[in-house]
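Inside the fold
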Amino acid sequence: MKALFTKKRIFEFIYLTCGVAIASFAFSFFLSPNNIVIGGISGISIIIKDLSGGYNPATIILILNIVLLFIGLIFLGKEFFVKTAYGSLMFPAFIWLFDIIYTVLSIDFSQMDMILVIVFSSIIMGIGLGVVVKNGGTTGGTEIPQRIFFKYFHLPYSLSLYIIDGTVILLGFILMKQEIDFIFYEIIFMFICGFTMDMVIFSGFNKRAVYIISEKTKEIKEELLVNFSRGVTSIKVVGEYSKNEKKMLLCVLSTLEYYKLRDFIEKVDKNAFFYAVRASEVRGEGFSYVKED
């Protein structure tokens, strides 16, 4: 039991819950009132709501997610089922809750400018889904058929996503008799939402991997170890022009730390050669290391 309730897993559970709630808020307050079909199970629920004259999207999402969960259990196994079940069930539960709050508050976001709706909803949805995915969860939906297509037909996730979401958006356009503007709004939504998700998932966006070749490697190394409290790796390199063997330092820093280090290097060795690249993801002690309780 102690292994199941470690501090790390408790925080992952809390973050997962918050992420699902944020994504549900975007759906209930922005997407559903404006009948914006963004693809996936959420898009299907909006289509059915519109065609049925107001059927509750939360109920539709719950039913479809349960069906997909059992399909996933059959084709993908028990482990995937356990990891997917929580988000798949909590997503419609939060939608149901926020639908009630939306009705009680008597807010009408359907009268807002559509550009504002798209921008705010895509950012909020992207943050929520990003938090969910970053903590190893999912809201269910089309991820299940995507994994099945990948496992049995080796269809890339990106291609299956475009096929499924594109089909749902096209169905919404035809069945709901939407204006052509809606398709472009929905494409903009998907782009901004995806970009926001990447920003959240790959938190290493503000990290820099720095490579340094200098005659003052000892001083720079001491600065990194003592004042920056960062680990440093030394790599032996050979300059092919001079054929001289030198030592290159490698260190990963935050953006603020990188600029401080750059100033330091320029003070101790103006002829130093160094460059920095963005690290798309950084994990490990000093960045994402968490002790298990």
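Shown above is the structure to which this text applies.
Summary of the structure given here. (Residues numbered from 1 in each chain as written. Predicted model: local features only at pLDDT ≥ 70, side-chain atom pairs only at ≥ 80, totals over all residues. Heavy atoms only, no water.)

1. What to know about the overall build of the protein
Put simply, the rule is: Each helix is a run of H or I in the DSSP string that is no shorter than four residues. Each strand is a run of E no shorter than two, and both are numbered from the N terminus. For a compact globule the rule gives 2.2 Å times the number of residues to the power 0.38, and the radius of gyration it is set against comes from C-alpha atoms. Only protein chains enter the accessibility calculation, which uses a 1.4 Å probe; a residue whose area is less than 20% of its type maximum is buried, one above 50% is exposed, and one in between is partly exposed. Two residues form a contact once any of their heavy atoms are found within 4.5 Å. To be clear on the numbers: accessible area is Shrake-Rupley with a 1.4 Å probe, and residue cover counts the displayed protein chains and nothing else. In this tally, Asp and Glu contribute negative charge and Lys and Arg positive charge; neither His nor the terminal groups of the chain are included. All charge positions are set by atom: Lys at NZ, Arg at CZ, Asp at CG, Glu at CD.
Helix and strand content of the protein: 10 helices and four strands. Relative to the globule expectation of 19 Å for 293 residues, the C-alpha radius of gyration of the protein, 24 Å, shows a markedly less compact shape. Based on the C-alpha atoms only, the size of the protein along its principal axes is roughly 75 × 50 × 45 Å. Residue burial in the protein is summarised as follows: out of 293 residues, 40% are buried. In the protein, once contacts between residues fewer than 6 apart in sequence are set aside, the share between residues at least 24 apart is 73%. Just so you have it, the protein exposes about 17000 Å², and 65% of that area is on carbon and sulfur atoms. Once the 28 positive and 26 negative side-chain charges of the protein are each reduced to a mean point, those two points are 9 Å apart.

2. Topic: the pattern of salt bridges
We count it as follows: Salt bridges are counted wherever a side-chain nitrogen of Lys or Arg sits within 4 Å of a carboxyl oxygen of Asp or Glu.
Under the defined criterion, the tally for this structure stands at three salt bridges. Across the pair Glu215 and Lys246 runs a salt bridge, and its minimum N-O distance is 3.4 Å. With Glu215 in the loop between β1 (207–213) and α9 (217–227) and Lys246 in strand β3 (residues 245–254), the pair connects residues that are 31 residues apart, well separated along the chain. A residue is classified by how much of its surface remains accessible, and Glu215, at 63% relative accessible area, is exposed. With relative accessibility at 36%, the residue Lys246 sits in the partly exposed group. Glu240 serves as the salt-bridge partner of Lys243, at 2.7 Å between the closest nitrogen and oxygen. Given a relative accessible area of 55%, Lys243 falls into the exposed group. Classification of Glu240 by relative accessible area gives exposed; the value is 59%.

3. Some remarks on the packing of aromatic side chains
Using the following cut-off: Between 30 and 60 degrees the pair is tilted, below 30 it is stacked and above 60 it is edge-to-face, where a pair is any two Phe, Tyr or Trp rings, Trp via its six-membered ring, whose centres lie within 6.5 Å.
Enumeration according to the criterion identifies 15 aromatic pairs in this entry. Within the aromatic cluster, the residues linked to one another by ring pairs are Phe25, Phe29, Phe30, Phe94, Phe98 and Tyr102.

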